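The chain contents come next:
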Amino acid sequence: MTSNYAIKAAELGVRYDLRFNRKTTVRTSVANFVLRRPPARFWALRQVSFELSHGESLAVIGPNGAGKSTLLQVLAGIMRPSEGTVDVRGNVSGLLGLGVGFDNELSGIENILLGGAFLGLEDATVQQILPSIVEFADLGEFIDAPLKTYSQGMRARLGFAIATAVDPDILLLDEVLATGDANFRAKSKARVIELVQAAKGVVLVTHDMEWVREYCNRAMLLEKGRVVLEGDPEEVVRLHLERTAAATAARNAEALAKGLDPAAFAGPRGGGAGRRRG
Amino acid sequence: MDEGQDQGAVRADPSLSARDPVLPFRAMSSGDAAAAIRQSPGGPSSLSLLRQGISEILSRRRLIRYLVQADMKKRGTDTVLGNLWWILDPLLQLIVYVIFVSIIARRPAPDYPLFIFAAIVPWKWFSSVITDATTCVVANEKLIRQIAFPKLVLPVSVTTAGVVGFLWGLIPLGGLMLLHADRISIMLVWFPVIAFVQFVFTLAMAVLISAANVFFRDLGNALGHLLRLWWFLSPGLYSLENLRSVQYVQDHPIVGDLFALNPFAVLFEAYRAVIYGFPDGAQPSAHPPDLLALGALLLASVVLLGFCITFFKRVEPEFAKVL
């Protein structure tokens, strides 16, 4: 058993217990208990198995609410699987959403220090990479201003600069390629490509099919928490586009049947699984 | 995570990349420790959870320090008077209670302001920590869903920041003591010991409440009232001796004993013994606290803290799902 994998997931499942969510109160729990309501549960991921070897780049695609972000959260160690196992070998860094303001009252510099401490970086390391983060974020004098004075784009730049300042073994990216202005987008894309080439393994969630075809050597299509297809990016992307088109056509037909104008009915709610949050 | 994480941090694989420098990276999740956490169902034993929790707190001291500094800064900049509120707040509370008690009680204890201030300042410390702890995990939901870090640092930093507020509160307390200089004595050396016992107890409660509030968001509503009730049931505005002289308590001594079991009965009586002394001011007035009760409370608090950390660690993996 000396297989050389970076990530190995076996029969992975993540279950949300809807008894406890952001709206739970003591009153509702007591009511549920007294009325013996069965626990409401929802599988965000089910029976997901895959192996990522060193040097591979895996794209996870699928409609909203398919469980893509949940998968990354599990790989990052943020969430514990409810069933199955995950083995991640090496240091993981993740860009799971940008604009992570660590503290609104603190300045950009102080946020970098705080962010480094949150990420678990050594103090010496943070001091060492501080100049490169400041340079990459390119915020000018704002770097010394409190974070609350930043625009959304500036926050995203700072967040991106902090999160990519380290060279991880395994890199997790969640929809990070579409932030900031055109200039910063080009710069961040270049940085991600650089990281992808340096990392031992990459898992990224994206809706940018061009990116998948160009930079990933594997792809996985998730729908409603289950793997539909996993393998060659071309094939997976083609299947995804077909299924999306079919779902859109079905929805349009349904809307027409109700006498609505599909063009006016632009809510993209494709295939979302239940009550996913975030 | 345990120490394995620290070691995993500096593991720089030369084959990783030709780009330099390869930075030592203590990961969001790395190596064996993280794998153990993610193995799931069943979960680790309570003892290993406790050990994990303690080493997390110890290994993330710098993060805690930053969080405390950020908290200080926020309090300093939010309001016009800034840090002065740390001094003004207990003083205003003191005035309210002195007026209130002077009206309803015919004969409050001599030097009554000092008598109750010895309890108001420590209580302010406890109640503000508990109030802040209620929201400390929930307020960081964005971070929790994006970065894997030991969530225990949140209640620990709130409790530590509370110590700073408490130290500010000692300024008006010291001022008031100077007005009653005859009551100052060497017994004040016990003060840090009593404060330490309170710190351990406060930390335990903060850890417990910060985790519980993730699952029951309306805990904060109830907590304000519970804290007020707790304050009035604790011998802050009165002493246990006052209470025991009430006719009803004399008829039912068990009530007095129950009151004495309250951790804040032990703490307030101890603070008052070293700061205020005996009501009649007999020399020497100040006296050592009830060391047996204080020792028992310390022991109970340490055990409680162990339970609370274990509880926190057990529900921690659910935070990202619930938030």
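The following refers to the structure shown. Computed from a prediction, not measured in an experiment: that's the story for all the values here.

Brief notes about the overall build of chain A
In terms of regular secondary structure, chain A is built from 8 helices and 9 strands. Restricting the contact set of chain A to residue pairs at least 6 apart, pairs at least 24 apart contribute 74%.

Some words on the overall build of chain B
The number of helices and strands found in chain B is 16 helices and 0 strands. Scored against the burial criterion, the 323 residues of chain B give a buried share of 40%. Of the contacts made within chain B by residues no fewer than 6 positions apart, 78% connect residues no fewer than 24 positions apart.

With respect to the nonpolar core
Judged by nonpolar contacts, the single largest core of 142 residues is most densely connected at V60 and L75 of chain A. Those residues in contact with V60 of chain A that lie beyond four places of it in its chain are K68, L71, V203, L204, V205, M220 and L222 of chain A.

Regarding the sheet that holds strand β1 (residues 5-17) of chain A
Residue and element names in this part refer to chain A. The 3 strands are arranged β2-β1-β4 in an open sheet whose pairing can be described as antiparallel. Both outer strands of the open sheet, β2 (41-53) and β4 (83-88), are each paired with one neighbouring strand and no more. With direction set aside, neighbouring strand axes in the sheet form an average angle of 20 degrees.

A look at the packing of helix α4 (residues 123-137) of chain A against helix α5 (residues 152-163) of chain A
Residue and element names in this part refer to chain A. Contact pair α4 / α5: the axes reach a minimum separation of 9 Å and the direction vectors enclose 145 degrees. The handedness of the crossing between α4 and α5 is right-handed. Residues I133, F136 and A137 of α4 touch α5, and the partners they reach there are R157, L158, A161 and I162. By residue class, the composition of the contact of α4 with α5 is 6 nonpolar, no polar and 1 charged.

Structural notes on the pairing of strand β7 (residues 201-205) of chain A
All names here are of chain A. Most of β7 sits inside the fold, with 5 of its 5 residues counted as buried. Side chains of β7 alternate between two faces, with G201, V203 and V205 and V202 and L204 buried alike. Here strand β6 (residues 170-174) runs beside β7; their pairing, made up of 5 bridges, is parallel. In the strand pairing of β7, L171 is matched with V202.

As for the packing of helix α6 (residues 112-136) of chain B against helix α9 (residues 191-215) of chain B
All names here are of chain B. It is the contact of α6 with α9, at a shortest axis distance of 7 Å, that shows an interaxial angle of 25 degrees. Comparing their axes, α9 and α6 come out roughly parallel. Between α6 and α9 the crossing geometry is right-handed. Residues P122, F126, V129, I130, A133, T134, T135 and C136 of α6 form the contact with α9, whose own contacting residues are Q198, T202, M205, A206, I209, S210 and N213.

Regarding helix α14 (residues 263-275) of chain B
Residues and elements named next belong to chain B. Spanning 13 residues, α14 covers 18 Å between terminal C-alpha atoms, matching the ideal 18 Å at 1.5 Å per step. For α14, a buried count of 13 out of 13 residues is recorded, marking the element as mostly surrounded by other parts of the structure. Immediately downstream of α14, the backbone of G277 shows phi near 85 degrees, a positive value.

Quick word on the pairing of strand β9 (residues 226-231) of chain A
Residues and elements named next belong to chain A. When strand β8 (residues 218-223) meets β9, the two strands line up antiparallel, connected through 5 bridges. Among the inter-strand pairings, M220 is bridged to a residue of β9, identified as E230. In this antiparallel pair of consecutive strands, β8 and β9, the connection spans 2 residues, and K224 shows a positive phi of 50 degrees.

As for the environment of E141 of chain B
Residues and elements named next belong to chain B. Summarising the element assignment, E141 is placed in helix α7 (residues 141-146). Judged by the 16 C-beta atoms lying within 10 Å of it, E141 falls in the partly exposed class. The spacing of E141 and L323 is 182 residues in sequence and 5.9 Å in space, taken between C-alpha atoms.

Here's the deal with the environment of R226 of chain A
Residues and elements named next belong to chain A. Along the chain, R226 falls in strand β9. On the neighbour-count criterion, R226 (17 C-beta atoms within 10 Å) is partly exposed. Put simply, R226 and V14 are 212 residues apart on the chain and 11 Å apart in space, counted from C-alpha to C-alpha. Here R226 is in contact with R46 and Q47, once residues within four sequence places are set aside.

Here is what the cut-offs are and how they apply
Residues numbered from 1 in each chain as written. Chains lettered and ligands numbered in written order. Predicted model: local features only at pLDDT ≥ 70, side-chain atom pairs only at ≥ 80, totals over all residues. Helix = DSSP H or I, 4+ residues; strand = E, 2+ residues; numbered from the N terminus. Contact = placed C-beta atoms within 7 Å. Buried ≥ 20, exposed ≤ 12 C-beta atoms within 10 Å, placed from the backbone. Core = buried A, V, L, I, M, F, W, Y, C linked by C-beta atoms within 7 Å. Pairing = 2+ DSSP bridges. Axes fitted to C-alpha atoms, helices over the stretch in contact; angles between N-to-C directions. Left-handed = near helix turned anticlockwise from the far one by under 90°. Nonpolar A, V, L, I, M, F, W, Y, C, P; charged D, E, K, R; others polar. Parallel < 35°, antiparallel > 145°, perpendicular 65-115°, else oblique. Expected span 1.5 Å × (residues − 1).

So, to be careful, I would describe these as geometric facts and stop short of saying anything about function.
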